[in-house]
Amino acid sequence: MKPRVSLLGCGRMGSRMARRWLQAGFHVTVWNRDREKAVVLANEGAMVASETSEAMGAADVLVTMLADGPVVEEVIFDSGARAGLVPGSVLIDMSSIRPGLARDHAKRLKEMGVDYLDAPVSGGTSGAEQGTLAIMCGGDGTVVDRCRPVFDPLGKVTHVGPHGSGQLTKLCNQVIVATTIGAVAEALLLAQAGGAIPEAMLEALQGGFADSRILREHGQRMVARDWRPGGITRYQVKDLIAAEEVATEEGVSLPILDQIKDLFASLQEHDG
């Protein structure tokens, strides 16, 4: 029997994840601060909870996909939702939060008899829609294995270490993504300025050491001047700041991260 899943957070990513579970035959309960975003999923078979505690009480596995750490903290521990947590259940936080906060949440939930996994994702809205997300999971390996049926409709899960490791791996992901986007943008400017055909340059690099999903997808969007957002800049900035702070705590110097963070922060200011 499939575990009952409750999802807190029905935004760009969460709504697509909920649809994947519904299509796979899961019993899904959803909650969102803006109730209308949750009600849309009712037409596809989801149950809509009016309160967070109601959603938590209806779940074997509770999944949070929320904006940031403070929102996760508020929803789980400060909104009355904790009253709905059932001992023996599992809470999987798939939001992007700081590793230290994830470890703190794991400790507090364990005291309540609830298992915890930090399992942020990469792959964007297209990955969530197609079930091809990369899922980076921190926590107890036996709990990860128990939750694989929940992860499988969403993409590939990899156990990367103890609590907080999933969030640390997501920060590493964000550093690579951000710097690669910057590198692809500069390469395209160089190709254009030097007289090469940017589209041809992208094609020529595919299959070589410079090839990447970012080169293919973001590079093509840059050439086409398709500026429709696939994500929100402030979330990228949030993660890069968090990565910078972890690096400082660990005594690691990451000069490329420092520069790309400033560039994304400038973009955020420009976009308002």
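Per-chain numbering applies: the sequence of each chain, read as written, is numbered from 1 onward. Per-residue local features of the predicted model are confined to residues with pLDDT of at least 70, and side-chain atom pairs are confined, for both listing and counting, to 80 or more; whole-chain, interface and lining totals are unaffected and use all residues. The side-chain values count all of the structure's non-hydrogen atoms but skip hydrogen atoms and water molecules.

Should a side-chain nitrogen of Lys or Arg be within 4 Å of a carboxyl oxygen of Asp or Glu, the pair is scored as a salt bridge. The tally for this structure, following the rule as stated, stands at 15 salt bridges. Note that Glu 74 and Arg 33 form a salt bridge whose closest N and O atoms lie 3.7 Å from each other. Taken together, the positions of Glu 74 in helix α4 (residues 69-78) and Arg 33 in the loop between β2 (28-31) and α2 (35-42) put the pair 41 residues apart, joining distant regions of the chain. The class for Arg 33 is exposed, based on a relative accessible area of 55%. Across the pair Asp 262 and Lys 261 runs a salt bridge, and its minimum N-O distance is 3.1 Å. One salt-bridge network, held together by shared partners, links Glu 73, Asp 104 and Arg 108. Helix and strand labels come from DSSP, where a helix needs a run of H or I of at least four residues and a strand needs a run of E of at least two; each type is numbered from the N terminus. Only protein chains enter the area calculation, which uses a 1.4 Å probe; residues under 20% of their type maximum are buried, those over 50% are exposed, and those in between are partly exposed.

In plain words, nonpolar cores are sets of buried Ala, Val, Leu, Ile, Met, Phe, Trp, Tyr and Cys residues tied together by side-chain atoms within 4.5 Å. Membership of the largest hydrophobic core comes to 35 residues, with the highest contact counts inside it found for Met 17, Trp 21, Val 30, Ile 92, Met 94 and Phe 151. Among the elements that take part in this core, helix α1 (residues 12-23) stands out by supplying five residues, more than any other. Contacts of Trp 21, omitting those with residues within four sequence positions, involve Val 5, Leu 7, Phe 26, Val 28, Val 63, Val 150, Pro 153 and Leu 154. With 22 residues, the next largest nonpolar core counts Leu 8, Leu 91, Leu 109 and Val 114 among its residues. We call two residues in contact whenever any of their non-hydrogen atoms come within 4.5 Å of each other.

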